[in-house]
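# Coordinate analysis (summary)
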Amino acid sequence: SYAKVNLGVSILCGHQVALKIYEKTKSTTEQAIKRIYAEMKILRRMSHPNIVNFIEIFETPARVFTVMEYVRGSDLLKLLINKGHFSEKRFRAILQQIVEGLEYIHGHKILHRDVKLDNILLSSAGKVKICDFGISKKMRPGKLVFEHIGTPAYLAPEIILEAGYSGFAADVWSLGVMSYMALTGKVPFKGNNIKELQQSILHSKVVFPSKPALSSEMKRAIRGMLEKDPQRRFDLKEVVRILGFPAVIGPANKVNFMDEAIIQEIKSFGFDDAMIRKSLGCDDINHITALYKLLKFKLN
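Since we're looking at a predicted model, the values are computed, not measured.

What counts, and at which threshold
- Per chain, residues are indexed from 1 in the order of the written sequence.
- Owing to the predicted nature of the model, reporting of local features is limited to residues with pLDDT of at least 70; listing and counting of side-chain atom pairs is limited to 80 or more, with chain, interface and lining totals taken over all residues.
- Side-chain numbers here rest on the full set of heavy atoms in the structure, without hydrogens or water.
- Using only the protein atoms, space was sampled on a 1 Å grid; points where a 1.4 Å probe fits but cannot get out form cavities, open sets with protein on both sides within 12 Å along at least five of seven lines form pockets, and lining residues are those with an atom within 4 Å of a point.
- Grid points are joined across faces, edges and corners, and a volume is the space filled by probe spheres set on the points.
- Only DSSP runs of H or I with at least four residues qualify as helices, and only runs of E with at least two residues qualify as strands; both kinds are numbered from the N terminus onward.
- Residues were grouped as follows: Ala, Val, Leu, Ile, Met, Phe, Trp, Tyr, Cys and Pro as nonpolar; Asp, Glu, Lys and Arg as charged; and all remaining residues, including Gly, as polar.
- Any Lys or Arg side-chain nitrogen found within 4 Å of a carboxyl oxygen on Asp or Glu counts as a salt bridge.
- Only protein chains enter the accessibility calculation, which uses a 1.4 Å probe; a residue whose area is less than 20% of its type maximum is buried, one above 50% is exposed, and one in between is partly exposed.
- Pairing of aromatic side chains here covers Phe, Tyr and the six-membered ring of Trp, requires ring centres within 6.5 Å, and sorts the geometry by plane angle: under 30 degrees stacked, over 60 edge-to-face, intermediate tilted.
- Strand pairing is assigned whenever DSSP identifies at least 2 bridges connecting the two strands.
- Axis geometry follows a simple rule: fit a line to the C-alpha atoms, using only the stretch in contact for helices, then measure angles between N-to-C directions, giving values from 0 to 180 degrees.
- For classification purposes, angles smaller than 35 degrees are called roughly parallel, those larger than 145 roughly antiparallel, those between 65 and 115 roughly perpendicular, and all remaining angles oblique.
- Two helices cross in a left-handed way if the nearer one is turned anticlockwise from the farther one by less than a right angle. They cross in a right-handed way if the turn is clockwise.
- Here, residues are in contact when the closest pair of their heavy atoms is within 4.5 Å.

## A few points about the layout of surface pockets
Approximately 830 Å³ is the volume attributed to the second largest pocket. In terms of lining residues, the second largest pocket is bounded by 35 residues, among which Val 5, Lys 20, Asn 119, Cys 131 and Asp 132 are the most central. For the lining of the second largest pocket, the secondary structure elements donating two or more residues are strand S1 (4-9), strand S2 (16-23), helix H1 (30-45), strand S4 (63-69), strand S5 (73-75) and helix H2 (76-83). When grouped by side-chain class, the residues that make up the lining of the second largest pocket number 18 nonpolar, 8 polar and 9 charged.

As structure tokens, this is what we get:
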């Protein structure tokens, strides 16, 4: 809604990237610019196979450019529109990866706040990538969040009530809404306008259609994610247990291992060896670290 995403190509190594371009206009507030950089700050900390990779950010007087990993495939919303609904077998494999990515994000004390079908990318090889951290927030222990923010159909009851919320249960609720939609092709809560939708979210029970038939385990997991009381709502570990997914490993620190073959290739473009090692060691945001990431993607 506030940026264009283009397919870009690195002139030096030929690797494709997603280039998100924000126009700076008189209507662009300082808060909006801060939000862009806050998103990049969060993404720089992330290093997980199920989270889209940040590569670089730079700006001109008229624009801000963020360079992200290009995922060759589609988002789940487009796939759902084409298919009507996912089979449970296929969606289980997708959901497992989403849960692993979310567990990693939450392990870094980040609340995504916009978990939805169109923010889950699926590569042509079946790899899930969670994207769009534009409204994500670092959670502080003991601090309540009062912002009413997110996509209306996915909002948790505690956000609608504006009584303050903490922890990561709001993301789990959104995951439950997304799972219901992916498997049935329908929304769990309906309304002709925002007010009716919010009342449905607050008071309606979750009812599954007779077709397609879902397993009792999947229904139980979704009902648990859509528990209206955040204190009683399933956490991700409970979802993992019920659906029989492998246990999720907690977040690991980034390993600053320098691949010598990639360093030599970067040198062939005219960059100084000492500058390369300094940039990589400090994890600077510049063309050197961007090239390193792109060349690493190429090897993988």
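Having seen the structure, we can now continue with the description.
## Things to note about the pattern of salt bridges
This model, assessed by the stated rule, comprises 17 salt bridges. Of the charged contacts in the structure, one is a salt bridge between Lys 20 and Glu 39, with a shortest N-O distance of 3.9 Å. Here Lys 20, found in strand S2, pairs with Glu 39, found in helix H1; they are 19 residues apart in sequence, far enough to count as distant. Accessibility assignment for this pair places Lys 20 and Glu 39 in one class, buried. A salt bridge links Glu 88 to Arg 92, with the shortest nitrogen-to-oxygen separation between them at 3.1 Å. Pair noted here: Glu 88 and Arg 92 are both in helix H3 (residues 88-107), with a separation of 4 residues, about one helical turn. Glu 88 sits in the buried class, given a relative accessible area of 16%. Salt bridges sharing partners connect three or more residues here, namely Glu 260, Lys 267, Asp 273 and Arg 277.

## Some remarks on the packing of aromatic side chains
For any pair of aromatic rings, geometry is given as the distance between the ring centres together with the angle between the planes. Overall, the coordinates contain 4 aromatic pairs when judged by the stated rule. For the pair Trp 173 and Phe 189, a centre-to-centre distance of 5.5 Å together with 10° between the ring planes defines the contact as stacked. With Trp 173 in helix H5 (residues 169-184) and Phe 189 in the loop between H5 and helix H6 (194-203), this pair connects stretches of sequence that are 16 residues apart. Each member of the pair, Trp 173 together with Phe 189, is buried.

## Points about the pairing of S2
In terms of residue burial, S2 counts as a mostly covered element, since 6 of its 8 residues are buried. As judged from the 6 bridges shared by S1 and S2, these two strands associate in the antiparallel manner. Across the sheet, Val 5 pairs through a bridge with Lys 20, a residue of S2. The turn linking S1 back onto S2 is made up of 6 residues, and Gly 14 within it adopts a positive phi angle of 80°. Pairing between S2 and S4: 7 bridges, direction antiparallel. Paired with Ile 21 across the bridge in S4 is Phe 65.

## Digging into the packing of helix H9 (residues 260-267) against helix H10 (residues 273-282)
The description of two packed helices rests on the angle between their axes and on the distance between the axes. It is the contact of H9 with H10, at a shortest axis distance of 10 Å, that shows an interaxial angle of 130°. With respect to their mutual orientation, H9 and H10 come out oblique. Seen from above, H9 lies across H10 with right-handed handedness. Contacts from Glu 260, Ile 263, Gln 264, Ile 266 and Lys 267 in H9 reach Asp 273, Ile 276, Arg 277 and Leu 280 in H10.

## What about the sheet that holds strand S3 (residues 54-59)?
Within the open sheet, the 4 strands sit side by side as S1-S2-S4-S3. Their pairing is antiparallel. This sheet does not close on itself; its edge strands, each paired only once, are S1 and S3. Each neighbouring strand pair of the sheet contributes to a mean axis angle of 25°, computed without reference to strand direction.

## Structural notes on the sheet that holds S5
In space, the 3 strands of this open sheet follow the order S5-S7-S8, with antiparallel pairing throughout. Both outer strands of the open sheet, S5 and strand S8 (128-130), are each paired with one neighbouring strand and no more. Pairs of neighbouring strands in the sheet enclose a mean axial angle of 25°, with direction left out of account. Judged from the 3 bridges that link them, strand S7 (residues 120-123) and S8 form a sheet pairing that is antiparallel.

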